[in-house]
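Fold and geometry: a report
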Amino acid sequence: MRIDSPTTHHPGGPTISGLRTLDSLGDIDGLRALVRVDFNVPLADGRVGDDTRIRQSIPTLEALRERGARLLLVTHLGRPKGREPELSVAPLAEHLGELLDEQVLLAPDLEHIPDGPVVMLENIRYEPGETENDPALAARLAELADVYVNDAFGTAHRAHASTEGVAHLVERSAAGMLFEREVETLSAIVNDPQRPLVAVLGGAKAADKIGVINRFLEVADLLLLGGGMSYPFFAAEGIAIGDSLCDADGLEAARAVLANPAAAERLRLPVDLVIADRFSADAQLRIADPIDIDDGWEAIDIGPRTREMYVNTICEAGTVFWNGPVGAFEIEPFSHGTRAIAKAVAQTDAITITGGGDSIAALSSFGLADEVTHVSTGGGAALELIEGRPLPGVLALTD
Ligand code: ADP
Ligand code: MG
């Protein structure tokens, strides 16, 4: 099921989260809008590879253009150490120009901003002060702006000069439409979900996502675990897991969760697992049911009974949040569990939200990315928002 705009506010009205939106900027005709976008896309042979991130900001850019603003776009690209020419945003400017059907001029640095309706500043991480949130850099950016718009939700968990510092220094600042949709959709999951709320969490390591696990054990009706992050829970219960992924941090996290009876009641763990004698496509496979794994074998996917159980739960949900593959899906024989989850998420009538680089890659590889209500661009920022951690980029745009 797909909803074009899951935002629940009416134009001009406040959002649930108190975030300032484009409407709040008022008359911007003829003004220069400094727009922080996340155009950190993969490049291949000096050209834009997957341009999803660029296309996702087009509605914001077009809305500002229609209101008469001149745009000064700011993005980072990669992690340059100094002015690495391979990480110039020139290919991004060219690509955006094609999408907008308008010339996008390149500003080589903050001192040389060409005059034009759409200008892109060179890689903001060429500036050493960017990631340090240097107030001097933020002030130089603010001087270039009549209004400030942030549409780079994927960087909202970092306080950088172009995402946080500058937002406080420009009199009128607001979230772009992509940023707004991310905040509203992700906040609604934890604040006002259509129930039952079912969270499906996977991935390699429990310790990476323990904050999100704990949050969903508070707010979700059921939390279904899979992937490497579920194995420490078996180990914590004294169940043999052979050579399956499990580290000390994960074990500690699992023990803490299981020690809380209210949390443990909402938690579902796999009831069977696919195990392999090595981590390779030509491995020998077996089903561990019940789960009791010999040394020399490791779990690599959820088993068929778990698949069915999880799929049924997803189909009965009102809202589903899915982050993290439930197996090593990159290897085809280990991908059946993740494929079953992805299909169920695509087919259920529930509101569905997916996030995480590998989960989105899995959805895309199964051809299902368009079947999900909201595919979050947020990554780490999305998980931190769900955890309830304050995101500096969001706070800077909130009254
Ligand atoms: P996302 O990027 O969607 O947030 P993660 O990065 O947390 O997801 O985890 C994805 C990775 O976890 C994938 O590379 C997948 O192969 C791996 N993974 C999941 N289950 C297992 C497993 N049982 N054994 C090895 N790797 C696994
Ligand atoms: Mg990942």
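These numbers were taken from a predicted model, which means no experiment stands behind them. Numbering of residues starts from 1 in each chain and follows the order in which that chain's sequence is written. Labels are handed out in written order, letters beginning with A for the chains and numbers beginning with 1 for the ligands. pLDDT decides what is reported in this predicted model: residues at 70 or higher carry local features, side-chain atom pairs at 80 or more are listed and counted, and totals for whole chains, interfaces and linings draw on all residues regardless. By convention in this description, side-chain values take in all heavy atoms of the structure and omit both hydrogens and water.

A cavity here means a set of points on a 1 Å grid, drawn over the protein atoms and nothing else, where a 1.4 Å probe fits but cannot get out; a pocket is an open set with protein on both sides within 12 Å along at least five of seven lines, and a residue lines either one if it has an atom within 4 Å of a point. Grid points are joined across faces, edges and corners, and a volume is the space filled by probe spheres set on the points. Taken as a whole and judged by the stated rule, the model has three cavities of 30 Å³ or more. Reported here for the largest cavity is a volume of approximately 60 Å³. Considering the residues around the largest cavity, the lining is formed by Asp38, Arg53, Gln56, Ser57, Asp151, Ala152, Phe153, Gly154, Leu178 and Thr377. Taken together, the residues of the lining of the largest cavity sort by class into three nonpolar, four polar and three charged. Residues were grouped as follows: Ala, Val, Leu, Ile, Met, Phe, Trp, Tyr, Cys and Pro as nonpolar; Asp, Glu, Lys and Arg as charged; and all remaining residues, including Gly, as polar.

Now for the side chain of His374. Starting at the N terminus, helices and strands are each numbered in turn, a helix being any DSSP run of H or I of at least four residues and a strand any DSSP run of E of at least two. Inspection of the secondary structure puts His374 in strand 17 (residues 374-375). For every residue, the accessible area (1.4 Å probe, protein chains only) is compared with the maximum for its type, and the residue is labelled buried under 20%, exposed over 50%, or partly exposed between those bounds. Assessed through its relative accessible area of 2%, His374 is described here as buried. Residues adjacent in sequence count toward polar contacts only when both atoms are side-chain atoms; beyond that, a polar contact is any pair of N or O atoms within 3.5 Å, and within protein one must be able to donate a hydrogen and the other to accept it. Separated by 3.0 Å, the side chains of His374 and Glu182 make a polar contact.

A separate point is the pattern of salt bridges. By definition here, a salt bridge exists when the distance from a side-chain nitrogen of Lys or Arg to a carboxyl oxygen of Asp or Glu is within 4 Å. A full pass over the atoms with the stated rule returns 17 salt bridges. A salt bridge links Arg20 to Asp399, with the shortest nitrogen-to-oxygen separation between them at 2.8 Å. With a gap of 379 residues between them, Arg20 in the segment before strand 1 (32-36) and Asp399 in the segment after helix 15 (392-395) connect regions that are remote in the sequence. Judged by relative accessible area, which is 18%, Arg20 ranks as buried. Judged by its relative accessible area of 73%, Asp399 falls in the exposed class. One salt bridge in this structure joins Glu127 and Arg83, with 3.8 Å as the shortest N-O distance.

A few words now on the environment of Gly202. Note that Gly202 resides in the loop between strand 9 (197-201) and helix 7 (210-219). Owing to a relative accessible area of 0%, Gly202 belongs among the buried residues under this scheme.

This part takes up unusual backbone geometry. Following Arg195, the chain continues to Pro196 via a peptide bond in cis, the omega torsion being 0°. With respect to the helices and strands, the residue Pro196 is situated in the loop between helix 6 (177-191) and strand 9. With phi around 50°, Asp45 is a residue other than glycine that occupies positive phi space. Locating Asp45 in the fold gives a position in the loop between strand 2 (43-44) and strand 3 (47-48). Judged by relative accessible area, which is 83%, Asp45 ranks as exposed. Although it is not a glycine, Asp101 sits at a positive phi angle of roughly 55°. Inspection of the secondary structure puts Asp101 in the loop between helix 3 (90-100) and strand 5 (105-107). Taking relative accessible area as the criterion, Asp101 reaches 72% and is therefore assigned exposed.

Another aspect to go through is the confidence of the model for the chain. For the chain, the average pLDDT comes to 94, and 96% of its residues sit at 70 or higher. Per residue, pLDDT measures the predictor's confidence, with a range of 0 to 100. By definition in these notes, contact holds between two residues if any of their heavy atoms fall within 4.5 Å. Scored below 50 in pLDDT, residues 1-14 shows 28 contacts in the model against residues more than four places distant or in partner chains.

Here we take up the site of ligand 1. Here a residue is considered near a molecule or strand provided that any single heavy atom belonging to it is located within 4 Å of it. Lys209, Tyr231, Glu330, Asp358 and Ser359 are the nearest of the 20 residues found near ligand 1. A distance of 2.8 Å separates an oxygen atom of ligand 1 from a polar backbone atom of Asp358. Protein chains bury 82% of the 570 Å² of accessible surface belonging to ligand 1 in isolation. Listed by contribution, the elements that provide at least two residues to the shell around ligand 1 are strand 14 (298-302) and helix 13 (357-365). Ranked by the residues each element gives to the shell around ligand 1, the list is headed by helix 13, at three residues. Here the shell around ligand 1 is composed, by residue class, of eight nonpolar, nine polar and three charged. Surface accessibility follows the Shrake-Rupley procedure with a 1.4 Å probe radius. Residue values consider only the protein chains on display as shielding.

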